[in-house]
Amino acid sequence: MSKLPPSTKSFAIDAIPKQCNGYHIRESRRAKHVSIKISTWGDVEVVVPQGISIDRLTHILEQRQDWIQATKARIQAERQAIAHETAAMQPTEIVLRAIGESWTVSYDTTQHPQVTIDVDIKQHHLNITGHRDQSALSNKLLGQWVRDYARYQLVPWLNDVSSSLQLPFNNVSIRRQKTRWASCSSKHNINLNDRLLFLPRDLVHYVFVHELCHTIHLNHSKQFWALVAQKDPHYPGLDKQLRTAWRYVPRWLGE
């Protein structure tokens, strides 16, 4: 039975049985068992502990096939029912529930291949200027604006929550992760997903509480959840809502 060498970061795709093709396999030093995560867009990531045998992984994935397919089908069905502002591929409105703001977006078509974005903070308005065939680039610029605005809004908010809970952290960065809303490292560095801007405010606050509690317990032990309950007694319902919170994220933002 072959095993992964300690230095291996992922399986070669041809080493995975055919039914696993298309799954992203990620080896983690922190993982104690195999976990399967399905992203906003239905991508499957399988996190495995170091040294797991391919035979063992194959067996686990075969056992979870029904759940994986059912979950992907549910995601697809829910995607078809999402609100119009999230389904649009070229938005005219951007709803940032986390901070209670709605931004309008307008487009000025020119023959120039360059695409630019102008920001009117007072009016909460974004204007895209460029060639009409550059919609992908337009959305990329909007995505960059979301990243910058998330840094501007979320970092001070996290600092306030950290101070009120008396749970300090080291550094914070803003990213666009596929399967996580946030994460906390062993050095107490917190990563926040810029897509958090699109979630309801109470869910974002819960994400902050969750990650700040990881500065004390870098696991999901009973002690960790007890601390979460202490800091946010309503966490069970919020944690459940978070599992389908991707529906608030607009499709144009991409992966």
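Higher on the page you've got the structure.
Residues numbered from 1 in each chain as written. Predicted model: local features only at pLDDT ≥ 70, side-chain atom pairs only at ≥ 80, totals over all residues. Heavy atoms only, no water.

**Overview of the pattern of salt bridges**
Moving on, step 1. For the structure on display, the rule yields five salt bridges.
Moving on, step 2. Arg147 serves as the salt-bridge partner of Asp194, at 3.0 Å between the closest nitrogen and oxygen. A residue pair is termed long-range when its members are at least 10 positions apart, and Asp194 in the loop between strand 10 (190-193) and helix 5 (201-213) and Arg147 in helix 4 (residues 135-165) qualify at 47 residues.
Moving on, step 3. Given a relative accessible area of 0%, Asp194 falls into the buried group.
Moving on, step 4. With its nearest N and O atoms 2.5 Å apart, the salt bridge here joins Asp194 to Arg176. A residue pair is termed long-range when its members are at least 10 positions apart, and Asp194 in the loop between strand 10 and helix 5 and Arg176 in the loop between strand 8 (172-175) and strand 9 (182-184) qualify at 18 residues. The residues Asp194 and Arg176 share a single accessibility class, namely buried.
Moving on, step 5. What emerges from the salt-bridge pattern is a single network uniting Arg147, Arg176 and Asp194. (Salt bridge = Lys/Arg side-chain N within 4 Å of Asp/Glu carboxyl O. Helix = DSSP H or I, 4+ residues; strand = E, 2+ residues; numbered from the N terminus. Buried < 20%, exposed > 50% of the residue type's maximum accessible area, 1.4 Å probe, protein only.)

**Regarding the environment of Asp232**
Moving on, step 1. Structurally, Asp232 is set in the loop between helix 6 (222-231) and helix 7 (235-242).
Moving on, step 2. When its relative accessible area of 8% is taken as the criterion, Asp232 is described as buried.
Moving on, step 3. Setting aside chain neighbours within four positions, we find Asp232 in contact with His205, Tyr206, Val209 and Leu238. (Contact = heavy atoms within 4.5 Å.)

**Quick notes on helix 4**
Moving on, step 1. Compared with the 45 Å implied by 1.5 Å per residue over 31 residues, the 43 Å span of helix 4 between its first and last C-alpha is a close match.
Moving on, step 2. At Arg151, helix 4 shows its largest kink, close to 25°.
Moving on, step 3. Downstream of helix 4 by a residue or two, Gln166 has a phi angle that is positive, lying close to 60°. (Expected span 1.5 Å × (residues − 1). Bend = angle between axes of the 7 residues up to and from the residue.)

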